[in-house]
Every structure is written in C-alpha cells, then in structure tokens.
Amino acid sequence: MENIKEITKLLPGYNCKACGYKRCDHFAEKILVGENPENCPLLFKEEFKGNLEKIKELVSISEPLEIKKTCASKTGLVGLLDGYDADFLLDPLPEEHSCRETLIILSKNPIKKGDHIKYRPLGCPIPHFAEIIDDAHGMYVVHLEGACNRFNTEKIEYIEVGIALIAAFEGVYNGKTPEVGKTVKFIPTHCMMQKVHSGVVVEVEGNRVLIEGIDLKVW
Ligand code: SF4
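Residues numbered from 1 in each chain as written. Predicted model: local features only at pLDDT ≥ 70, side-chain atom pairs only at ≥ 80, totals over all residues. Heavy atoms only, no water.

Per an unreviewed UniProt entry, the protein chain is named 4Fe-4S domain-containing protein, and its organism is Methanococcus maripaludis.

### What about helix 2 (residues 24-32)?
The α-helix advances 3.6 residues per turn, and as a result positions three or four apart in sequence lie on the same side. Burial runs high along helix 2: seven of the nine residues are buried. Once helix 2 ends, the next one or two residues include G34, with phi positive near 115°. (Buried < 20%, exposed > 50% of the residue type's maximum accessible area, 1.4 Å probe, protein only. Helix = DSSP H or I, 4+ residues; strand = E, 2+ residues; numbered from the N terminus.)

### Regarding the nonpolar core
I117 and Y119 are the most contacted members of the largest nonpolar core, which has 24 residues in total. Elements represented by at least two residues in this core include exactly strand 1 (88-91), strand 2 (100-105), strand 3 (116-121), strand 4 (128-136), strand 5 (139-144), strand 6 (159-175), strand 7 (183-188) and strand 9 (208-215). Considering each element in turn, this core owes the most residues, five residues, to strand 6. Aside from chain neighbours lying at most four places away, what touches I117 is L103, I105, I111, H128, F129, A130, I132, V142, Y158, I159 and V161. Among the nonpolar cores identified, the runner-up in size contains 18 residues, and I7, Y14, C40 and L43 belong to it. (Core = buried A, V, L, I, M, F, W, Y, C linked by side-chain atoms within 4.5 Å. Contact = heavy atoms within 4.5 Å.)

### Observations regarding the environment of K118
Here K118 is to be found in strand 3. Separated by 27 residues in the primary sequence, K118 and E145 have C-alpha atoms spaced 9.9 Å apart. Look past the residues within four positions of K118 in its chain and what remains in contact with it is P127, H128, F129, Y158, I159, E160, V161 and G162.

### Points about the state of the cysteines
According to the stated counting rule, one finds zero disulfides in the structure shown. We note that C191 lacks a disulfide partner, and the nearest cysteine sulfur, in C124, lies 6.3 Å from it. You can call C191 buried: its relative accessible area is 11%. (Disulfide = S-S within 2.5 Å.)

### Quick word on the pairing of strand 1
Burial of the side chains of strand 1 extends over both faces: F88 and L90 are buried on one face and L89 and D91 on the other. The sheet contact formed by strand 1 and strand 6 spans four bridges and is antiparallel. Bridge pairing in strand 6 links L89 to N174. Judged from the three bridges that link them, strand 1 and strand 7 form a sheet pairing that is parallel. Within strand 7, the position partnered with F88 by the bridge is F186. (Pairing = 2+ DSSP bridges.)

### So, the pattern of salt bridges
Pairing between side chains of opposite charge can happen when the charged atoms of each approach one another. In the structure shown here, the tally under the stated rule is 12 salt bridges. E6 is the partner of K9 in a salt bridge, and the nearest nitrogen-oxygen pair spans 3.6 Å. Here K9 and its partner E6 are both found in helix 1 (residues 2-10), three residues apart, which amounts to about one turn of the helix. For E6, a relative accessible area of 31% puts it in the partly exposed group. We note a salt bridge from E170 to R208, for which the minimum N-O separation is 2.7 Å. Highlighted residues: E170 in strand 6 and R208 in strand 9, separated in sequence by 38 residues. By relative accessible area, E170 is classed as buried at 17%. Its relative accessible area of 16% is what places R208 among the buried residues. (Salt bridge = Lys/Arg side-chain N within 4 Å of Asp/Glu carboxyl O.)

Structure (structure tokens):
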C-alpha cells in the first residue's frame, strides 16, 4: 500500500488515461505487479524528469506483491488524498475528454464560449485549465484540459479568471446508482488530487448524472 502511494506521487497525476488506466493510482498498482512505467508517456516530459528512474528503483526494492486494492472499502472507492468513501467515479460524457463543470466566475475579465481559461476552484489548491463550451445566465460550462490536451496541441492563451465557484458537475457515473434529490460523494476522474467531492443529484438519465451544489468539504 505504501509503495502504491509512493509511486502514485511520482506519476504525473493527470488521470489522462494515456497509459490505458483511468487514474494514475490504478496504473501505480499495475506497475507494482509488472507493468512498465514507461507506458505513461508524460513521464518523459521535462517536468517529470527523474520520476521514471525513482519509480523503477521503488519497484526493484518492493516485496513481490499480490494485487492489492487501493480502493478497497465498503463502497469500493476511496479518495486518494482524503481517504473518504465515494459512491461513484464521474467519467466524461461519451465522446468528451473530461466531465463538464459549471462555474460561477466573479472576474471582470470578459470571457465567452470558445475561450480558454485558467482558474482555481474555491477550496482546491490546484489551478485548472479549461475551455468554455457554453455560457448562459452568468454561468460557464467548461471542459477541463488535462496534460494530454495541453501538451499535444498548439500553444493556447489562457485567460486568468482567478477563483471560480463550482456550481455543478455533469458526466457518466461509474459505481453506485445515484438517486435524484440525494446527496452523493463522487470522484471526478479528471481530478488530479482524486479528491472526493459532494453534491446533490438533480438529474439522472441512463448513466448520465447532473450534480449541483458542489462541496469539496466532505464529512
Ligand atoms: S498521467 Fe495519464 S498516462 Fe500517466 S499514469 Fe496518469 S493516467 Fe496514466
């Protein structure tokens, strides 16, 4: 378990799925049972220089390991950072690369649909990069732009908008079936910290779910 945590810390944390796994911690488990860490292409980027060697070193000194579940709990899912149980993972809608977030942005910087923005969600220490895919009534729906998008495309100018309040998440649930009106705890698969979020389910249609009243404090 400790080694899985150590390896996860050395992985880029983008949960971009380029290695074939949904989350970096899932890939960390597989590395400990023989998968090649070089299957994470982001480890070859300048900013992660040295991490590949450290991972290989950790693997070489690890005890032979039967597969253990990092996510073992009564619900089957646990936030990596906070250790809370979650009801489900939130995956992107079909053909989309991240879940949708609806933001309330207080900045006076003019922004519109199609713009790329940099913001920090209230309560989260990590700056986020995103594209606005819809705007209405003072709220902005965005797609997060993870490492792959940012590394593989031409240089994008991001408009700095400061703090944003996260009003809603929309995506495909993967876990316990959500019920309209109930408070749920979930982990967006694009969340670099794999932190458990909470909110109230306002729509469920097939496996699509819309969750509003997002809170990063879970108790
Ligand atoms: S950053 Fe992407 S490719 Fe690398 S381990 Fe995490 S999910 Fe896999």
